[in-house]
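Structure assessment
Here are the chains, one letter per residue:
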Amino acid sequence: MRIGDKHYESIWLDRDDEKAVKIIDQRKLPFDFSIVTLRTVEDVYSAIRNMTLRGAPLIGAAAAYGMYLACLEITTYTKTREHLRNAAKYLLSSRPTAVNLEWAIDKQMSVLAAYCRRDRLVEASEKTAEDIAEQEKQNCKKIGKHGLGIIEEISRQKNGEPVNILTHCNAGWLACIDYGTATAPVYLAHDKGIKVHVWVDETRPRNQGARLTAWELGNHGVPHTLVADNTGGYLMQKGDVDIVITGSDRTSANGDVANKSGTYLKALAAKDNNIPFYVALPTSTIDMNISNGVKEIPVEARDGKEVTHVEGLLNNKDIVSIRVCPEKTGAINYAFDITPAYLVSGLITEKGICRAEEKEIEKLFSEKKN
Ligand code: MRU
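Residues numbered from 1 in each chain as written. Predicted model: local features only at pLDDT ≥ 70, side-chain atom pairs only at ≥ 80, totals over all residues. Heavy atoms only, no water.

This brings us to the sheet that holds strand β12 (residues 277-280). Strand order across the open sheet formed by seven strands is β8-β7-β6-β9-β12-β17-β18, with mixed pairing between neighbours. Among the strands making up the open sheet, the edge pair consists of β8 (224-227) and β18 (352-354). On average, each strand axis in the sheet is tilted by 25° relative to the strand beside it, whichever way the strands run. Pairing of β12 with strand β17 (residues 346-349) involves three bridges; the strand directions are parallel. Paired with V279 across the strands is L347, a residue of β17. Contacts between helix α10 (residues 263-272) and the sheet are confined to β6 (163-167), β7 (196-201), β9 (243-246) and β12, with β12 contributing the most and set at about 145° to the helix. (Pairing = 2+ DSSP bridges. Helix = DSSP H or I, 4+ residues; strand = E, 2+ residues; numbered from the N terminus. Axes fitted to C-alpha atoms, helices over the stretch in contact; angles between N-to-C directions. Contact = heavy atoms within 4.5 Å.)

Given below as structure tokens:
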């Protein structure tokens, strides 16, 4: 993705310093564009946990680079297998919901099982991390192509009037190395000259919509309007939403979708107003080991301070956090919710579009079944 005159991805390895994994600090956007260097497994763990980086595919790629950094940490005194197992376990504990984390770590561990020497482990883990990042990027591009067809069809039906797309949270390039999942079809449509307009849910409590999606779309020149999280239903009743597209952090074998808290309510409103509700995701986000997402997907509960406080820019200078409720009021902060499959019109994946149904998912992702 272009920022100014430079192309960026949301994670990369510094070619001049093999110990430096670079990421964009998502906690500071859109106010400040700064790059953070991760040099240790601990750095990667903290960056995922404190959301310096976030978004399911990016979390997976970062964990894969984390395993590469774990290999670099090996010395002649290291008990290699124990060290790698510990690193994997530690990284896995950083955040619970996005299954991409487990998927990427498992991938690294199965590759690394074949090697003993440090140089081989380093080489293999670097290649695996680079492959995962590249693959996720290509997957997003394919998701974009498949989703583009849906937007084109709506545009035809509207005789070229702008297609109004509502999205929640940030499932853009920042979350996905490049292109994004939910945003990829939007970028492709816009670049093709199809008129699109995006309703951006602010996405409390951390405001990933207001801060990240709005910033991304603005940089790309895509028309968009920020709305308070609870406005979507009214927009749908007014006929101002043609389609909803969100991302996912984990989608179970039966098609239930875990995504940022508030996604479920948008899906309910979309159903009530007969508006298509699509979820865009790569294979790495499908969890074939969970047969009932609503009951079984682990949902992260984060610090209540994200709800009792809100963060923003003060005097065009400092990023500050201010309280928005009485001092003694407590808050519960579930970061995700689960949208049941029956509310999902379809899953837009790199392999094509399928219904959110067990049989269809199994057919498309048969290689993921254990
Ligand atoms: O808590 P976050 O910001 O990591 O939650 C992310 C989301 O819910 C995204 O919409 C999701 O990861 C899809 S990313 C392509």
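Now that the structure has been shown, we can carry on.
Looking at chain direction, strand β14 (residues 309-314) and strand β15 (residues 318-323) are connected through six bridges and run antiparallel. Counterpart to H309 in the pairing with β15 is R323. The hairpin turn running from β14 into β15, its antiparallel successor, is three residues long, and N315 in that turn takes a positive phi close to 50°.

A separate point is the packing of aromatic side chains. The final tally for this structure, using the stated rule, is five aromatic pairs. Seen from their ring centres, Y8 and F33 are 4.9 Å apart, and the 70° between their planes marks the pair as edge-to-face. Separated by 25 residues along the polypeptide, Y8 in the loop between β2 (6-7) and β3 (11-13) and F33 in the loop between β4 (21-24) and β5 (35-38) bring together distant segments of the chain. On the basis of relative accessible area, Y8 is assigned to the buried category, the value being 12%. Both rings, one in W173 and one in W215, keep their centres 6.3 Å apart while their planes meet at 35°; by these two values the pair is tilted. Of the two residues, W173 sits in helix α6 (residues 173-176) while W215 sits in helix α8 (residues 208-220), which places them 42 residues apart along the sequence. This pair shows no difference in class: W173 is buried, exactly as W215 is. Feature note: the residues Y8, W12, F33, W173 and W215 constitute an aromatic cluster, connected by ring pairs. (Phe/Tyr/Trp six-rings, centres within 6.5 Å; stacked < 30°, edge-to-face > 60°. Buried < 20%, exposed > 50% of the residue type's maximum accessible area, 1.4 Å probe, protein only.)

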